[in-house]
Amino acid sequence: MSKEELAADLARRWTAARRSALRRVLAESPASGVGSHEVDREDDAGLLERAMASKGAATLDAVFQHSHALGSGFRRYYGVDLTLPDLARLLPQLGSPCHEQGLQSIGAPAAAAPARRSERLPCGATPAACTFWREATLGLVSGTSSTVYFTRVSSPLGGEASCVDVLHLEALSDVCYQPPPPTVHQAVRDASSELERTAPGARVEVLGLQEGALHVRVHGTTAICGLDPFTVLRGALARAVPALVIRDASAKPVLAP
């Protein structure tokens, strides 16, 4: 099978996997008001709208799981573990509106791990479709490769004017984040000072913005009056920048002590 035939086969199978995920969610949701025969006849856009309206979180989880299973099966069947160049070449051929314009190398310092980046103006997709494609792509990439990560850096969902996706080899790479504006930097400095007064030795690491949300890590301290340090920091930041969404990027133990 040629590379072109392989890509076409994967595209067909991924389309089927995404549709299967939507059908499963609707079949498990009597409140959707869709019979099995209607599901069979309805187009993907209609299925997505109904599934997200019925069970949004379950729909995103289903498309991730189906896409991941497809990717894992593809890797086992063909005995391949797709590389960064492989995925950068394949994704634009698989039917996603997110990567129609291709992925380009990021001009990072020579010491940094290589990465590929796609950027385009918003395609007009609904918020539901935007998150659906993000989770589908995340599942497919993580299934077909053991070395490549996928991150959506910006999208209209985060208030940004463009859609940016990145394929990268380091889990916490600088290419996965956008720098916060000066006002947010100042708010973080003030909130960090407040946290340090409560918990001497605490240190706040700002990773950056992803889809409008600020990702931070708190180092060097434990619970404060029963609250974890991130909760204290988030409260201080919420008072300074109420509209800002803050995510805890701190490493978590797999098992509770």
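Because the structure is predicted, anything quoted here is derived from the model rather than measured. (Residues numbered from 1 in each chain as written. Predicted model: local features only at pLDDT ≥ 70, side-chain atom pairs only at ≥ 80, totals over all residues. Heavy atoms only, no water.)

K.L.:
If you had to explain the side chain of D165 to someone new, which residues and values would you point to?
P.N.:
Mapped onto the fold, D165 is located in strand 4 (residues 163–168). Within polar-contact distance, the side chain of D165 engages the side chain of R152 at 2.8 Å. For D165, the contacting residues outside a window of four places in its chain are C98, H99, R116, R117, S118, F150, T151 and R152. (Helix = DSSP H or I, 4+ residues; strand = E, 2+ residues; numbered from the N terminus. Polar contact = N/O pair within 3.5 Å; in protein donor to acceptor, adjacent residues only side chain to side chain. Contact = heavy atoms within 4.5 Å.)

K.L.:
Describe the sheet that holds strand 5 (residues 203–210), with residues and values.
P.N.:
In a beta sheet, neighbouring strands are held together by backbone hydrogen bonds and run either parallel or antiparallel to one another. As summarised here, the arrangement of the three strands in space is 5-6-7, forming an open sheet in which the pairing is mixed. Either end of the sheet is taken by a strand with one partner, and the two such strands are strand 5 and strand 7 (245–248). Sheet twist, expressed as the average angle between the axes of neighbouring strands with direction ignored, equals 30 degrees. Helix-sheet contacts for helix 6 (residues 182–198) involve strand 5 and strand 6 (213–219), and the interaxial angle to strand 5 is about 150 degrees. (Pairing = 2+ DSSP bridges. Axes fitted to C-alpha atoms, helices over the stretch in contact; angles between N-to-C directions.)

K.L.:
Describe empty space enclosed by the protein, and please don't skip the residues or the numbers.
P.N.:
The final tally for this structure, using the stated rule, is one cavity of 30 Å³ or more. Here the largest cavity defines a volume of roughly 70 Å³. Taken together, P97, C98, R120, C123, A125, C130, W133, R152 and C163 make up the lining of the largest cavity. Looking at the lining of the largest cavity residue by residue, the class counts come to seven nonpolar, no polar and two charged. (1 Å grid on protein atoms, 1.4 Å probe; cavity = no way out; pocket = protein on both sides within 12 Å on 5 of 7 lines; lining within 4 Å. Points joined across faces, edges and corners; volume = space filled by probe spheres on them. Nonpolar A, V, L, I, M, F, W, Y, C, P; charged D, E, K, R; others polar.)

K.L.:
A description of the packing of aromatic side chains should follow, citing residues and the corresponding values.
P.N.:
As enumerated under the stated definition, the model contains three aromatic pairs in all. Pairing F74 with Y78 gives two aromatic rings, centres 4.9 Å apart and planes at 50 degrees, and the pair type is tilted. Here F74 pairs with Y78, and both are found in helix 3 (residues 44–78), just four residues apart, close to one helical turn. A relative accessible area of 29% places Y78 in the partly exposed class. Put simply, the rings of F74, Y77 and Y78 touch in pairs and so form one group of aromatic residues. Over the ring of W14 we find R18; its NZ or CZ atom is 4.8 Å from the centre of that ring. (Phe/Tyr/Trp six-rings, centres within 6.5 Å; stacked < 30°, edge-to-face > 60°. Buried < 20%, exposed > 50% of the residue type's maximum accessible area, 1.4 Å probe, protein only. Lys NZ or Arg CZ within 6 Å of the ring centre and 35° of its normal.)

K.L.:
I'd like a description of helix 3, backed by residues and values.
P.N.:
The periodicity of an α-helix, 3.6 residues per turn, causes residues three or four positions apart to be oriented the same way. For helix 3, spanning 35 residues, the distance from its first C-alpha to its last is only 28 Å, which falls clearly below the expected 51 Å at 1.5 Å a residue. At K55, helix 3 shows its maximal bend, which comes to roughly 120 degrees. Remark: G79 follows helix 3 within two positions and exhibits a positive phi of approximately 65 degrees. (Expected span 1.5 Å × (residues − 1). Bend = angle between axes of the 7 residues up to and from the residue.)

K.L.:
Let's hear about the environment of P114: which residues, and what values?
P.N.:
By the element assignment, P114 lies in the loop between strand 1 (104–105) and strand 2 (115–120). Sequence-distant contacts of P114, defined by excluding residues within four places in its chain, comprise L84, H168 and L169.

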